[in-house]
Amino acid sequence: MMRITIVAVGKFGGGKNVPERALFDHYAGRISGSFDLKEVEEKRRLPDKENKRSEGSLLLKAVPVGAFVVVLDERGKSLTSIEFSKILGAWQDDGARDVAFLIGGADGHAEEVLQRANFKLSLGSLTWPHLLVRGMLTEQVFRAQSILSGHPYHRE
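Note on numbering: residues in each chain are counted from 1, in written sequence order. Reporting of local features is limited, given that this is a predicted model, to residues whose pLDDT is at least 70; pairs of side-chain atoms are given and counted only at 80 or more, and all residues count toward the totals for whole chains, interfaces and linings. The basis for every side-chain value is the complete set of heavy atoms in the structure, and neither hydrogens nor water enter the calculation.

**With respect to the overall build of the protein chain**
Move 1: Helix and strand assignments come from DSSP, with helices taken as H or I runs of at least 4 residues and strands as E runs of at least 2, each series counted from the N terminus. The number of helices and strands found in the protein chain is five helices and five strands.
Move 2: Beginning at the N terminus, the succession of helices and strands in the protein chain can be written as β-α-β-α-β-α-β-α-β-α.
Move 3: For the radius of gyration, the atom set is restricted to C-alpha positions; the globular benchmark scales as 2.2 Å times the number of residues to the power 0.38. For 156 residues, the compact-globule estimate of 2.2 N^0.38 gives 15 Å, and the C-alpha radius of gyration of the protein chain, at 15 Å, lies within 12% of that figure.
Move 4: Taken along its principal axes, the extent of the C-alpha atoms in the protein chain is 50 × 35 × 30 Å.
Move 5: Residue exposure (1.4 Å probe, protein chains only): buried if accessible area is under 20% of the type maximum, exposed if over 50%, otherwise partly exposed. For the protein chain, buried positions account for 47% of its 156 residues.
Move 6: For the protein chain, long-range pairs separated by at least 24 residues make up 82% of all intrachain contacts whose partners lie at least 6 apart in sequence.
Move 7: Note that accessible areas follow from Shrake-Rupley with a 1.4 Å probe, and for residues the cover is restricted to the protein chains shown. In the form shown here, the protein chain has an accessible surface area of approximately 8,600 Å², with 50% of it arising from carbon and sulfur atoms. Any two residues whose heavy atoms approach within 4.5 Å at even a single point are treated as in contact.

Given below as C-alpha cells:
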C-alpha cells in the first residue's frame, strides 16, 4: 500500500480546538493505510524571498526519500474528484511507495520546490487558507480511496 504524507509550511497551533485541525483529523482518521502530516516552520524573521527559499528547503528535507512529489500550486492541474482518484490509483499501480503533497507558505513555493515536483495540483483558482487546505486535501484523499474501493461515500 502506498504511503501518503502531507508536508506543509506552518503549524496548526492552538491544540485540538482549532476547526481546521478538527476537519483534518476527521478525514485523516478515515484514510486507510499510512497517512502522515509533517509540519515545517521557519522560526527566523527573514525577508520574503529568503523566507520562501528557507521554507522550500524545509519542505524538501521533510519529503520521504524517493517519494513522488505533488506540489499544490495555483498554476497546477485542476482535477475532478474522479480524475484525482484515477491518478492516485495510477501512481500506486506504477509502483509509487510514497507520495508527498507539499503545501507552501503565504508566499508560495520556492523555485527548487516547483522544480522537484513530479506533479503540480491546483485546488482551483481561489486562494484558500493554508490550514484549511490540509483538511480539504485530506478529504479528497479519503474520497479518492472511497472511489477506488467502490465505497458509496462519493456519489456522482
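**Details of the pattern of salt bridges**
Move 1: We define a salt bridge as a contact between a side-chain nitrogen of Lys or Arg and a carboxyl oxygen of Asp or Glu at a distance within 4 Å. For the structure on display, the rule yields eight salt bridges.
Move 2: Of the charged contacts in the structure, one is a salt bridge between Glu 39 and Arg 134, with a shortest N-O distance of 2.4 Å. Residue Glu 39 is found in strand 2 (residues 35–40), and its partner Arg 134 is found in helix 5 (residues 130–149); the two are separated by 95 residues along the sequence.

**Description of the pairing of strand 3 (residues 68–78)**
Move 1: The pairing of strand 3 with strand 4 (residues 98–103) spans four bridges and is classified as parallel. Directly across from Val 70, in strand 4, lies its bridge partner Phe 101.
Move 2: Assignment of crossover handedness uses the view with strands pointing away from the viewer, where a clockwise path from the first strand over the helix to the second indicates a right-handed crossover. In the classification by handedness, the crossover that spans strand 3, the intervening helix 3 (residues 81–93) and the parallel strand 4 is right-handed.
Move 3: Bridge count between strand 3 and strand 5 (residues 119–122): five bridges; the pairing is parallel. Along strand 5, the bridge assignment pairs Ser 78 with Ser 122. For two strands to count as paired, DSSP must find a minimum of two bridges between them.

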